[in-house]
Structure formats: C-alpha cells, structure tokens
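# Residue-level structural notes
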Amino acid sequence: MAYTTINKSSDHFNTKLYTGNGGNQTITGIGHTPSFVWFKSRDAGNSHALVNSVSGTNKVLYSDTNSAEQSISAQTFNSDGFALVQDGGANSINSNGSTKVAWSWKLNGQGSANTDGSINTTYTSANPTSGVSISMYEGTGSNASFGHGLSSAPEFVMVKGLDITSQWYLYSKSVGAGKSATLDNASAFSNDTTSWQNTHPTASVVTIGNDGGTNSSGNTMLAYCFTPVRGFSSMGSYVGNGNASGPFIFTNGMKPAWVMIKRTDNGDFWMMQDTARTPTNVANKYFQANDAAAESTTNDVALDFLSNGFKIRNTGAHYNASGVSYFYLAFAEAPIVGSNNVPANAR
C-alpha cells in the first residue's frame, strides 16, 4: 500500500455544516469540486440523500431505503462546494431552516467508460489518489466483472440498483468475499457466495455474480468502491473488549474526520460520526446510515478521535461487545504519514 501524496485532506474529502433555506444558495469552503455528496438533516428525520456526478446531480439515492433513484431539482457541484436549489423532495439537502451536514468526496466528475471487466461501464469516475470511485453499469444477470478505475483492489464496495427497488449490497475485504450486508437495514453480514462470486476485487475489477442485488439483468447498477490510502483512509475490522477503555483502532497514518462502524454478527445499525459535529472528545453524536432519524447523542457510542486513529470509550453493543467483530470505514481530517505517530510496523 502506497503512502498518500495528499497534503491536505480537504482537497479530497470534507464535512460541511450549513442551514437549508428552501431555495437557492451556494455552500462554499469544501476545498474541492465534489463528485459525490452525502447529505443529512441534523434536526429532522429526513432520509440520507446521496447525490453524485455519475448518474447526475438531478438524481438522489437514499441509504436508508431500497427505493430506486429519484429525480430532484438539479444541484450544481462547483470548484469549492455546491449550489443548491429547491429540494424537489430530498429534504436532507436544503429544507428551509433545517440544520444540515454534507460529507463530500472528490472524484473525476461524470468520468468515462471503463472496459477492464466483462461488463463495460457506462461511466467510471475514479480518484486513484484518494482511493474512491463510482461506476455505473448495466447488469447482465450472469457472472461478470466491471472496472473500478482505481490503482489497487477495493476493500469496501457498495452496489445499488438505480432503476429498480433493491437493497444496497455491500462487500468488505475484512469480513470476507463470501459474505455480504445491506446498508439500508441493520442485518448482519451473512453468508453469500453469489453476490461477489466469493471472489475479492483485484487492482482492476470487481467480480459480481448473478444475484439481482449486484447484477440485475437489464437494469442500471451503481457501485461505490473504496480502497485504503495510507494517510487518507482506512477500512477493516476490530474486535470489541467489552471494557469502558475500549480498543484503539489505528487508521492507516491519519487523524480521522469521519467514521462509520457496523457490528458484523447481528442486526445492529450502521453508525456514523464525524469531527465537524463533535470537534472535541469524547465524541457521542451519531447518525445511522440505515435510518432517517435525526442526529442523536448517547454515551453508548462514545469514542475519541485521535491523531492516528480512534479509541472506543464505551461498553455498548454498537461498538464494543466483548469478542465481537466490527467493520469500520474512516476518512482523514489530517494525514500524518511519516511522523512518529505511525507505528514502525505500519510503514
């Protein structure tokens, strides 16, 4: 795994807090041109709204539902943020007077076709520097593969059908290619040798089976792919110890700005926290990616964001049941690669 060449994390990922106005407004200070923005109302139970440049900024997917992609009033991604218009139903984006959070990633706009797999993608928008890509392809209903456009194998993949009612199917390298989970509900990672053909992604392609969740015949599918970049992102698993002084998770040479954590063995939520909403430790404000609920606060998810990882500060089942495995995904507030904070065995 290569070290990051990113000097400032906000060049590729950032979190922005703002208040909706129900009309036109421009949000600046992102630090990059977004290609993927995940919006959520903080003070209201509005669905998580995911907008990207690949399928179009006049479309939205909701992480907490299995509904097909919906049309909205077109948002505009610009060089330092995004211009918002009326919601058109996606209330987490700009509903009047509501406090919002937007998590933003830089990719490569709409991208272009990728021919690496047996399925040619319609578009693949990839940022190999930050290890994030989005691919859009037409399902075949047969065992296949598609190109992801990154320089190393993705370790976390999310696939959603755009024009059909279908769940979000998720792959995690740390959990195994023979398992899958769904983002829109709290179910465990379960045995599934069909969705990914029990095959890990390679440096060029993601392998998919004949399951409708990842490869519905004749339907348009969208895949979000993530590969770890030391100093910018980290993904994997840890084991809870059931102690108030919980495990420390080293995050690949960076201070986390955002984490998502999921218990792998049973029906628990996809928990999301960030440093913009809780800039000081202990952090205890959260969302659930599979639930539209407003921002909540509880010590059952207390953790510390540290210079080289995060440390669990609770005994709750969401993060720290004894002997239980948890998946996590994290993005940087600040790279620290090359400093004394990076363990020698991680260099």
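Residues numbered from 1 in each chain as written. Predicted model: local features only at pLDDT ≥ 70, side-chain atom pairs only at ≥ 80, totals over all residues. Heavy atoms only, no water.

On to the sheet that holds strand 25 (residues 296-297), then. Backbone-to-backbone hydrogen bonds pair the strands of a sheet. The strands run either parallel or antiparallel. Across the sheet, which stays open at both edges, the six strands sit in the order 20-28-22-23-24-25 with antiparallel pairing between neighbours. Looking at which strands have only one partner, the edges of the open sheet turn out to be strand 20 (233-239) and strand 25. Sheet topology note: the strand 22 (residues 254-263)/strand 28 (residues 325-335) ladder contains nine bridges and is antiparallel. Considered in strand 28, the bridge of V259 is made with A330. (Pairing = 2+ DSSP bridges. Helix = DSSP H or I, 4+ residues; strand = E, 2+ residues; numbered from the N terminus.)

This brings us to the packing of aromatic side chains. Pairs of aromatic rings are described using the distance from one ring centre to the other and the angle between the two planes. Enumeration according to the criterion identifies 25 aromatic pairs in this entry. Taking the centre distance of 5.0 Å and the plane angle of 50° together, the rings of F13 and W105 count as tilted. Of the two residues, F13 sits in strand 1 (residues 13-19) while W105 sits in strand 9 (residues 99-105), which places them 92 residues apart along the sequence. The residues F13 and W105 share a single accessibility class, namely buried. (Phe/Tyr/Trp six-rings, centres within 6.5 Å; stacked < 30°, edge-to-face > 60°. Buried < 20%, exposed > 50% of the residue type's maximum accessible area, 1.4 Å probe, protein only.)

Below, the discussion takes up the pattern of salt bridges. One pass over the full model with this rule turns up seven salt bridges. Among the ionic pairs, K255 bridges to E333, the shortest N-O distance being 3.3 Å. Of this pair, K255 sits in strand 22 while E333 sits in strand 28, placing them 78 residues apart in sequence. Residues R277 and D274 are paired through a salt bridge, measuring 2.7 Å at the closest nitrogen-oxygen approach. Residue D274 is classed as buried on the basis of its relative accessible area of 0%. Sharing partners across several salt bridges, the network here consists of R42, D274, R277 and E295. (Salt bridge = Lys/Arg side-chain N within 4 Å of Asp/Glu carboxyl O.)

What follows deals with the pairing of strand 23 (residues 271-274). Residues M271 and Q273 line one face of strand 23 and the alternating positions M272 and D274 line the opposite face, and both faces are buried. When strand 22 meets strand 23, the two strands line up antiparallel, connected through four bridges. Bridged to I261 within strand 23 is M271. Pairing geometry for strand 23 and strand 24 (residues 285-288), over two bridges, is antiparallel. Pairing of M271 across the sheet is with Q288, part of strand 24.

A sheet is described by the order of its strands in space; here eight strands give the open sequence 10-11-12-19-14-15-16-17, paired in antiparallel fashion. Strands at the two margins of the open sheet, each flanked by one partner only, are strand 10 (112-114) and strand 17 (190-191). In terms of strand pairing, strand 12 (residues 132-138) meets strand 19 (residues 220-226) through seven bridges, oriented antiparallel. The residue bridging V132 from the neighbouring strand is F226, located in strand 19.

Let us now look at the environment of T207. Position of T207 relative to the elements: it lies in strand 18 (residues 205-208). Its relative accessible area of 13% is what places T207 among the buried residues. In this view, T207 contacts A144, S145, S195, W196, Q197 and T199; residues no more than four positions away in its chain are not counted. (Contact = heavy atoms within 4.5 Å.)

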